[in-house]
Every structure is written in C-alpha cells, then in structure tokens.
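# A closer look at the structure
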Amino acid sequence: IPGVGLQCPNNVRYFSGSYDLQFVHDVYEYFLYSGDRQFLTRIYPATVKAIGWVGSAVDSTGLLSFSHYAHQGGCGLYAYSSCDHLTYLNALYYETLSEMSALAKAEKDRGQAEIYAQKALKIRSVVRSKLWDASIGAYKMSLEHPEIFPQDGNALAIVSGVAEASQVNSILAYLRK
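First, a word on scope: everything that follows refers to the structure included in this document. Residue positions are given per chain, counted from 1 along the sequence in the order it is written. Totals for whole chains, interfaces and linings use all residues, but because this is a predicted model, local features are given only for residues with pLDDT of at least 70 and pairs of side-chain atoms are given and counted only at 80 or more. Hydrogens are left out, water is left out, and the side-chain values use all remaining heavy atoms of the structure.

Attention now goes to the packing of aromatic side chains. Pairs were defined over the aromatic rings of Phe, Tyr and Trp, the Trp ring being its six-membered one, requiring ring centres within 6.5 Å. Orientation was assigned from the angle between planes: stacked under 30 degrees, edge-to-face over 60, tilted for the rest. Taken as a whole and judged by the stated rule, the model has 3 aromatic pairs. Taken together, a centroid distance of 4.7 Å and an interplanar angle of 75° make the contact between tyrosine 30 and phenylalanine 39 edge-to-face. Categorising residues by exposure relies on relative accessible area from a 1.4 Å probe, with only protein chains included: less than 20% of the type maximum marks a residue as buried, more than 50% marks it as exposed, and the intermediate range marks it as partly exposed. Take tyrosine 30: its relative accessible area is 39%, and that puts it in the partly exposed class.

So this is what it looks like as structure tokens:
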C-alpha cells in the first residue's frame with residue numbers, strides 16, 4: 001500500500017520512499033506501453049497518494065529526506081540507512097513527478113498535471129544547485145556526505161534528466177575513473 005510501508009514480523013514497520021516512487025514509475029510504464037485506460041483510472045488515486053506521501057518528505061532544503069521517519073525503522077532508499085538528502089532519491093523523485101504529470105494528463109487532471117510538472121522542475125533545480133560538485137564533475141551522494149560521489153546517484157541523474165547536458169560527459173568520465 002503506497003505511503004504506509006511493509007508490515008513485518010513482530011510489528012516492526014519498515015518502509016522505503018523509493019518503493020513508493022518505483023510503484024508510480026511502474027504504473028507509468030505499464031500505461032505507456034499498454035494504453036490500458038481502465039487500469040490507469042482504477043490505480044490513479046493510489047499513485048496520487050504515493051507521490052503525495054513522498055512529497056511530504058521534502059524539507060526546508062527543498063530536497064527529499066526521510067530522516068523524520070528514521071526512528072520508525074525505515075528510510076528513503078532501501079540501500080542506505082542514513083536517511084540523507086540523497087541525489088539518487090531526489091533524481092528518482094524528479095523522474096516520477098514528471099511521469100505523474102503525464103499520468104494526470106491522461107486522466108484529464110490538467111491542473112494537477114501542471115502542479116506535478118512544476119514540482120519536478122523545482123526539485124531538479126535544487127538537486128542541480130545543492131548536490132552538484134563542479135570541482136569533481138559529479139553529483140554528491142547527499143548533503144550530509146559531500147565527499148562521496150556514488151554511481152547510482154550519478155547514473156540516475158543522467159537517465160532521469162536531472163543532469164544538464166553539459167554535465168553528462170563529466171559524470172561519465174568521473175565514473176570511468
């Protein structure tokens with residue numbers, strides 16, 4: 001169920017914001033390739049709930065961080081337990097907001113489509129301004145770990161469109177090293 005996490009044995013609750021984003025992405029790709037409007041109409045409210053829950057984790061930095069959920073046994077990304085303002089998670093959020101805009105248009109929810117598009121542009125701008133390290137030529141892992149330049153975050157920055165065209169060759173050269 002989007003936004004509520006996975007109930008595990010002994011009532012331990014784990015969650016990952018990236019799973020909610022992946023859920024929306026999967027709905028988008030299924031609809032893109034199937035054109036199944038009945039499915040989209042049925043599942044669209046759940047995508048709205050998922051993206052809304054994830055968006056509630058944007059903090060005063062303008063970036064996603066699930067640190068306020070850390071005490072509940074979860075984080076934003078399954079691979080990290082630090083709950084940082086991760087490039088990977090924020091690039092995924094940008095991509096998913098763009099996809100939600102397309103889903104909202106398909107559902108003739110034009111006002112919401114524009115809101116998602118504007119949120120996508122805003123998160124992309126913040127990622128570019130706060131997580132790019134021009135001296136290294138790559139994106140930092142997070143605000144909290146500016147000395148780490150991970151493959152996943154940099155690759156997703158390219159694939160999602162967060163990285164500017166002028167940054168792509170620099171990122172690829174860094175990753176080759």
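What follows picks up the thread again.
Think of a patch as exposed residues, more than 30% relative accessible area, with no salt bridge, where like charges cluster within 9 Å and nonpolar side chains (Val, Leu, Ile, Met, Phe, Trp, Tyr) cluster within 5 Å. Under the convention used here, a 1.4 Å probe and the Shrake-Rupley method define accessible areas, while residue burial counts only the protein chains that appear. The rule for a salt bridge is simple: a side-chain nitrogen of Lys or Arg has to be within 4 Å of a carboxyl oxygen of Asp or Glu. We treat Lys and Arg as the positive residues and Asp and Glu as the negative residues; His and chain ends play no part in the count. To locate a charge, take atom NZ for lysine, CZ for arginine, CG for aspartate or CD for glutamate. Taken together, the side chains of Arg37, Lys105, Lys108 and Arg110 present a region of like positive charge at the surface. Secondary structure is summarised from DSSP: a helix means a run of H or I of at least four residues, a strand means a run of E of at least two, and numbering begins at the N terminus for each. With respect to the helices, strands and loops of the structure, arginine 37 is situated in helix α2 (residues 37–55).

Here, expected helix span is obtained from the residue count minus one, scaled by 1.5 Å. Compared with an ideal rise of 1.5 Å per residue, which puts 19 residues at 27 Å, α2 spans 25 Å between its outermost C-alpha atoms and is within 8% of the ideal. Of all bends in α2, the biggest is about 45°, found at isoleucine 43, and the proline proline 45 comes one to four residues later. Within α2, burial applies to Phe39, Leu40, Tyr44, Thr47, Ala50, Ile51, Trp53 and Val54. We call two residues in contact whenever any of their non-hydrogen atoms come within 4.5 Å of each other. Summarising the contacts, the buried residues of α2 are in contact with α1 (17–34), α3 (87–106) and α4 (110–131). To obtain the bend at a residue, axes are fitted to the seven residues ending there and to the seven starting there, and the angle between these axes is taken.

Any two packed helices are characterised by the angle at which their axes cross and by the distance between the axes. Where α1 contacts α3, the axes come no closer than 9 Å and their chain directions differ by 40°. Comparing their axes, α3 and α1 come out oblique. The crossing of α1 and α3 is left-handed. Where α1 approaches α3, its residues Gly17, Ser18, Leu21, Val24, His25, Val27, Tyr28 and Phe31 are matched on the opposing element by Leu89, Leu92, Tyr93, Glu95, Thr96, Glu99, Met100, Ala102, Leu103 and Ala106. A fitted line through C-alpha atoms serves as each axis, taken over the contacting stretch for helices, and the angle formed by two N-to-C directions is quoted from 0 to 180°. When an angle is under 35 degrees it counts as roughly parallel; over 145 it counts as roughly antiparallel; between 65 and 115 it counts as roughly perpendicular; any other value is oblique. For any helix crossing, the convention is left-handed if the near helix is rotated counterclockwise from the far helix by under a right angle, and right-handed if that rotation is clockwise.

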